[in-house]
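Okay, here's what each chain looks like letter by letter:
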Amino acid sequence: MKDSIPSLLRAAVSFVFAAAIAATVTPVRAGAATPALPQMGFNNWNSTHCRDEFDEAMIRGIADKFISLGLRDAGYRYVNIDDCWANWQRDKDGHLQPNPKRFPGGIKALAEYIHQHGLRFGLYSSAGVSTCEPLKENRGFPGGLGHEKDDAATFASWDVDYLKYDNCNNQKVDAHKRYTAMAEALRNSGRTIFFSMCEWGENKPWLWAGKPPVDAGSWRTTGDISDNYASMLKIFKENVVLDSYASLGHWNDPDMLEVGNGGMNDLEYRSHFGLWSIMAAPLLIGTDLRTIKPDALQILLNKEVIAVDQDPLGVQGHQIRDTGGIHVIVKPLKDGSRAVAVFNETDAAHDVTVTASELGLKAGQSYNVRDLWAHAQSKGDGSIKIELAAHATAMYRIGRR
Ligand code: GLA
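Conventions and cut-offs
Residues numbered from 1 in each chain as written. Predicted model: local features only at pLDDT ≥ 70, side-chain atom pairs only at ≥ 80, totals over all residues. Heavy atoms only, no water. Disulfide = S-S within 2.5 Å. Helix = DSSP H or I, 4+ residues; strand = E, 2+ residues; numbered from the N terminus. Buried < 20%, exposed > 50% of the residue type's maximum accessible area, 1.4 Å probe, protein only. Near = heavy atom within 4 Å. Polar contact = N/O pair within 3.5 Å; in protein donor to acceptor, adjacent residues only side chain to side chain. Areas by Shrake-Rupley, 256 points an atom, 1.4 Å probe, with all protein chains shown as cover. Nonpolar A, V, L, I, M, F, W, Y, C, P; charged D, E, K, R; others polar. 1 Å grid on protein atoms, 1.4 Å probe; cavity = no way out; pocket = protein on both sides within 12 Å on 5 of 7 lines; lining within 4 Å. Points joined across faces, edges and corners; volume = space filled by probe spheres on them.

A. Broad picture of the state of the cysteines. A full pass over the atoms with the stated rule returns two disulfides. Across the disulfide, C50 is cross-linked to C84 (sulfur-sulfur distance 1.6 Å). One end of the pair, C50, is in the loop between α2 (45–48) and α3 (56–68); the other, C84, is in the loop between β2 (78–80) and α4 (107–116), and 34 residues separate them in sequence. Residue classification places C50 among the buried residues on the basis of a relative accessible area of 8%. Between the sulfur atoms of C132 and its disulfide mate C168 the distance is 2.1 Å.

B. Layout of the site of the ligand. Around the ligand, the neighbouring residues are W45, D82, D83, Y124, C132, E133, K164, D166, C198, W200, R220 and D224. One of the side-chain N or O atoms of K164 is found 2.8 Å from an oxygen atom in the ligand. Between the ligand and R220, the relevant distance is 3.3 Å, taken from an oxygen atom to a side-chain nitrogen or oxygen of the residue. For the ligand, the protein covers 93% of the area, taking 310 Å² as the surface of the free molecule. Looking at the shell around the ligand residue by residue, the class counts come to five nonpolar, no polar and seven charged.

C. Looking closely at empty space enclosed by the protein. All chains considered together, the criterion is met by two cavities of 30 Å³ or more. Estimates place the volume of the largest cavity at around 70 Å³. Surrounding the largest cavity, Q39, N43, N80, Y162, K164, S196, C198, R220, D253, D255, M256 and L284 form its lining. Split into classes, the residues belonging to the lining of the largest cavity amount to four nonpolar, four polar and four charged.

In structure tokens form, the structure reads like this:
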């Protein structure tokens, strides 16, 4: 039987098999260089906020799901925890400490568990005197303002790989100063820690956050997302016009994903995921992966859409049309092809035509057109003609090869 398989095919099969094994057992080196492509991972905030279910057991369960659901193999790497992880006070020496109820095993042990899964671990703080969530007696959890060196050293000692640094309770200290202080402290901490600024776009961070001395990996461009279509749409519109400020290693961040949280339908969640991908946004899953429904998981695991987000050319898509509620965004890709998203923001279906010349494609040529949601290939002249349902986004990859 064995000999009836052509040898080339056999070689290909065993290569795929070897690659599959490598993908499951090769751990990502903890503390390895931070990625230049938009960060992918998970953050608990959109699904739990500060509720009691946010604890050590949950986060360990999420790391397990990264492996069993195929998320690590799809490129998701970071398991990040948000506000409410800390204790109400610093310890007697002024160091941050975890809330003993939520994280009885401590943060270092949690980071180790996540690293053992070949994943990276992220933590949260705020560039203010306290963080954003005032749960009790109007007290917040301790923030990093004025404690940058000490806190960065603590994060490094816990083997943290990523810091989301928020903007609450900032005492109106200049944002550039506050974020520079933490950026420098992280760089001097002895560990590579990805710096994710969460300044909500208040001081136009796209103009300065990607450059030294801050040199952040990403910066939030907007206020918080909520799990509804109007919120997603508003944030998309604010972020899509900022494409010229993004570059490899320095990304606009329109906030974390709501896919799977139940407030939008599947077409809207596809739009959310597709639009974030064509905007080369960080893809941080914001739903509880322990209970995720298959339809939502399928959206998050669409490798052809993820490949648009993660394309090594590192360009955020550019909006070439915004009329009558129809948006067309084009993202050039490393192999010379381009990704195209056509989004219908309106509440009614629309017939949409996009010409090849609008997409910057030469007329009179034959192109391969790949539908990234249908996973179907066709040949054409590069133009797109579709009927697009309300709130839907069609996505294509168009090229000569
Ligand atoms: C701010 C941030 C959110 C989240 C909360 C936590 O609102 O923008 O992403 O981190 O704080 O309190």
